[in-house]
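# Working through the structure, step by step
So you can see what is in the structure, the chains are spelled out below.
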Amino acid sequence: MDYLLFIYPNCDKCDAFKNYLKGTSLVGQELSLVQKESKLRLREFLGWIKRDDKGAIIIPVFVLREDGKVLGVFNDHPELDSWLRSRA
């Protein structure tokens, strides 16, 4: 499994997710949404991404993949942790 983590700078939720990932064996890539390339890459996952009641994308966006297929998209580390435990 690998991941893509889409974040914004100075985002407490993004920092918490990054800190959680340090304690896992998951490997992946962090993409800052202040960069155009990252925004374009995020578009690949629009069908999976959760939005708030106003239609805004909920950040951070963590895309978990295996062999290029999306296994899940998560917005906080407890949600990801629960999903990972359910698969163990």
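Attention in this report is confined to the structure presented alongside it. (Residues numbered from 1 in each chain as written. Predicted model: local features only at pLDDT ≥ 70, side-chain atom pairs only at ≥ 80, totals over all residues. Heavy atoms only, no water.)

## A word on helix α1 (residues 12-22)
Inspection of α1 places C14, F17, Y20 and L21 among the buried residues, and these make up the whole buried set. On an axial view of α1, the arc spanned by its buried residues comes to 120°, and they lie on one face. Those residues of α1 that are exposed and angled more than 90 degrees off the buried face are D12 and K22. Looking at the buried positions of α1, the neighbouring elements they touch are β1 (2-7), β3 (61-66), β4 (69-74) and α3 (77-87). (Buried < 20%, exposed > 50% of the residue type's maximum accessible area, 1.4 Å probe, protein only. Helix = DSSP H or I, 4+ residues; strand = E, 2+ residues; numbered from the N terminus. Arc of directions from axis to C-beta. Contact = heavy atoms within 4.5 Å.)

## Thoughts on the sheet that holds β1
In sheet architecture, strand pairing relies on hydrogen bonds along the backbone and comes in two forms, parallel and antiparallel. Pairing within the open sheet is mixed, and its four strands lie in the order β2-β1-β3-β4. Two strands in the sheet have a free side with no partner beyond their single neighbour: β2 (27-32) and β4. Direction aside, neighbouring strands of the sheet carry axes that sit 20° apart on average. In the packing of α1 onto the sheet, contacts are made with β1, β2, β3 and β4, and the angle to β1 comes to roughly 155°. Taken strand by strand, α3 contacts β3 and β4, and its axis lies near 20° from that of β3. (Pairing = 2+ DSSP bridges. Axes fitted to C-alpha atoms, helices over the stretch in contact; angles between N-to-C directions.)

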